[in-house]
Amino acid sequence: MADSIIIRVQSPDGMRKIPSTKRETAAAFLKKVAKEFGFNSNGFSVYLNRNKTGEILSQNKTLSLLKIKHGDMLFLFPSTSSSSGEKMDTAIPHSSSSLPSLSSSSSSSSLIPRSSSAPQVQEDEIDQYLAKQDGKIYRNRDPQLCRHGALGKCVHCVPLEPFDEDYLNHLDPPVKHMSFHANLRKLTGGADKGKFAALENISCKIKSGCEGHPPWPDGICTKCQPSAITLNRQKYRHVDNIMFENHTIADRFLDFWRKTGSQRVGYLYGRYTEHKDIPLGIRAEVAAIYEPPQTANQNSLELLEDPKAAAVDEIAAKLGLCKVGWIFTDLLSEDTRIGTVRYLRNQDSYYLSAEECITSGYFQNQHPNPCRLSRDGFFGSKFVTVVATGGPDNQVHFEGYQVSNQCMALVRDECLLPCKDAPELGYAKESSPEQYVPDVFFKDKDKFGNDVTFLARPLPVEYLIIDITTTFPKDPQYTFTSTQRFPIENRDILGETQDFHSLATYLSQCSSTSFLDIVSDFHLLLFLVTNEVMPLRDSIGLLLDAVKTSNEDLAQTWKKSEQWATIEQLCSTVGGQPSSSLGYGAMGGASVPASSSAMWSCLHCTFMNQPGTEHCEMCSLPRS
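Fair warning: this is a prediction, and the values are worked out from it, not measured in the lab.

Procedures and definitions
Residues numbered from 1 in each chain as written. Predicted model: local features only at pLDDT ≥ 70, side-chain atom pairs only at ≥ 80, totals over all residues. Heavy atoms only, no water. Helix = DSSP H or I, 4+ residues; strand = E, 2+ residues; numbered from the N terminus. Buried < 20%, exposed > 50% of the residue type's maximum accessible area, 1.4 Å probe, protein only. Contact = heavy atoms within 4.5 Å. Pairing = 2+ DSSP bridges. Axes fitted to C-alpha atoms, helices over the stretch in contact; angles between N-to-C directions. Polar contact = N/O pair within 3.5 Å; in protein donor to acceptor, adjacent residues only side chain to side chain.

With that settled, consider the overall build of the protein. Each helix and strand in the protein was counted, giving 14 helices and 29 strands. Here the protein holds 624 residues, and the buried ones make up 46% of them. In the protein, 66% of the contacts between residues at least 6 apart in sequence involve partners at least 24 apart.

Quick look at the sheet that holds strand 11 (residues 265–275) now. In any sheet, the strands associate via hydrogen bonds between backbone groups, in a parallel or an antiparallel arrangement. Read once around its circumference, the closed barrel built from 7 strands follows the order 10-12-11-15-20-21-27, with strand pairing classed as mixed. Each neighbouring strand pair of the sheet contributes to a mean axis angle of 35 degrees, computed without reference to strand direction. Examined bridge by bridge, strand 10 (residues 241–244) and strand 27 (residues 465–471) share 3 bridges and lie parallel to one another. Its bridge partner lying in strand 27, N241 is registered against T469.

Quick look at the sheet that holds strand 24 (residues 440–445) now. Here 3 strands make up an open sheet; going across it, the order is 8-24-25 and the pairing mixed. Both outer strands of the open sheet, strand 8 (229–231) and strand 25 (451–455), are each paired with one neighbouring strand and no more. Neighbouring strand axes in the sheet, compared pairwise and without regard to direction, differ in orientation by 35 degrees on average. With 3 bridges joining them, strand 8 and strand 24 adopt parallel strand pairing. What sits directly across from L231, in strand 24, is F442. Strands in contact with helix 8 (residues 405–412) are strand 8 and strand 24; relative to strand 8, the strand with the most contacts, it is inclined by about 135 degrees.

For residues other than glycine, phi is negative in most cases, and the peptide bonds are mostly trans. Omega for the peptide link from D172 to P173 comes to 0 degrees, which places this bond in the cis form. With respect to the helices and strands, P173 occurs in the loop between helix 3 (165–169) and strand 7 (178–179).

So, about the side chain of Q498. By secondary structure assignment, the location of Q498 is in the loop between strand 27 and helix 9 (500–509). At 2.8 Å, the side chain of Q498 and the backbone oxygen of P487 are in polar contact. Each residue touching Q498, except ones within four places of it in the same chain, is listed here: F486, P487, I488, E489, H523 and F527.

With respect to the secondary-structure elements, N232 resides in the loop between strand 8 and strand 9 (236–237). Sequence separation between N232 and K443 is 211 residues; the distance between their C-alpha atoms is 8.0 Å. Leaving out residues up to four positions away in the same chain, N232 has contacts with Q406 and Y463.

Before going further, it helps to spend a moment on the pairing of strand 10. The alternating pattern of strand 10 places N241 and M243 on one face and I242 and F244 on the opposite face, and all of these are buried. Summarising the sheet, strand 10 and strand 12 (residues 281–290) pair through 4 bridges and their orientation is parallel. Within strand 12, the position partnered with N241 by the bridge is R283.

A word on the side chain of D240. Secondary-structure assignment places D240 in the loop between strand 9 and strand 10. A polar atom in the side chain of D240 sits 3.3 Å from the side chain of R237. Those residues within four positions of D240 in sequence are excluded, and the remaining contacts are H177, M178, S179, H275, I278, G281, I282, I468 and T469.

With that out of the way, let us pick up the pairing of strand 25. Where strand 24 meets strand 25, 5 bridges bridge the pair, whose relative direction is antiparallel. Each bridged residue has a counterpart across the sheet, and for K445 the counterpart in strand 25 is D451.

Looking at the element boundaries, F527 is found in helix 11 (residues 522–530). Sequence separation between F527 and E489 is 38 residues; the distance between their C-alpha atoms is 8.1 Å. Filtering out sequence-adjacent residues up to four positions away, F527 remains in contact with F486, Q498, D499, F500 and L503.

Right under this line is the structure:
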């Protein structure tokens, strides 16, 4: 081991450390360099000096004869004849001392790949659009402070960078987190143009391939041991605003809680657009909510396996939508007469529980954000979390959140647990013979006001949370224009079943003469594709294109197909009356069930009660 040395190799893409020995030949050393940097054997040259003198040739001389010592710096230059086609199409080995190839920022602030060794990643359309934008904040000439002509600029009117903290803090309301693309401009700006910046995904696992010792738990070294994590509040966020297209989307989702008192969870489908209120910001626009199979009561939720998940994602993609987040309710009635709810989540309790943070981290890891500036090809996530809960005015409020990239790493590597008796606290696991867990710390102030580092056992989850503004537009928008309401999936407990009885009733109630308006309903389209009687998964593409582009002619063309004729025949066979209403009248109001063996709806608060009871479990009023 005394002959072991480390040679530093500087290249246009950064510096790498190459382990070697004094007796290793120059030819073997150059092969290591080629593998580390991803070159073919003839695609580069290595020199002793920066001015390209003292080239190291592939020969059988040892490094000691070439007077190369431990810690020496060599300089790598790609050959002028080498093109991107000569580069080895292999992944660069993970090394803590190596930096990924980043993009430089041109005079227009558009990000351009600096090296062909950067991963070829297809980014989202919104990321490609924002990367081409100027992003600077332009200010008008100040008549009091500016002493120059109309064409001049001074410190009072010069354009600001999109990451300027003073500007963000003086917005109304102040912005605590800069946008992700503003953070990229900050990393890739300056004199070095981001040459030494890195978007590195955190790993809490032991690095594989270390052969100097037995595997864990019998051995570990500083090369394979993951670094300790000190939690910091993330200064940027991947999504800056969540907007529901209209109130109808949220109201239909809340109807389940209003009628049963049980909580509900759903997936948000929509698109990512530019959020112009924040420099280089991103907005998640919600066009529909899909409710997967689940079991729920007043205090808990459990998601079940969804056999239709792939079909739903496929339909959404053909409609130009994607899964942008998830939503759940945490509501408890306070006064059913005036419709108020309790204010449960606040600074004295919690905003997101540890279990909800872990669930959000799981979903965000399932939907990573494609990023060509990261060696892994992804960094962070745009997947958002929305909570429907009581606000300070005891009305239903929608609060948006994400968890930080540090939380995503802790959840991905199974290092974070919830506390059973304190929902506002998480707990970093301790190392075991089966798993090594790095130390996790956070900083807080003691009773004397001093910054003190604490071990994250337990851990306040506010270090992991990023809040996002959730809004509704002044002028409602409608991706799906149907004015009638087709039953929502997986609501059999309410008697809202998706079958051909429901479809016949829906079609009979539609007064619109436009076929496109009739079929422009997300839940109706899901039923047409996923029903068991006549699924239209392979023949509904034209109709989905018509809804996506709002093209009535395409919709009329599909209406003349054999598939729709068969659907109409099935509807006429079953008739236009809905299936059993289970306690709900034709207009959606509550009614007394005819049979005592069925669930019944309270006339006072509309809570769905179990059969055989004579008093409402929610408001304690009599059934009659």
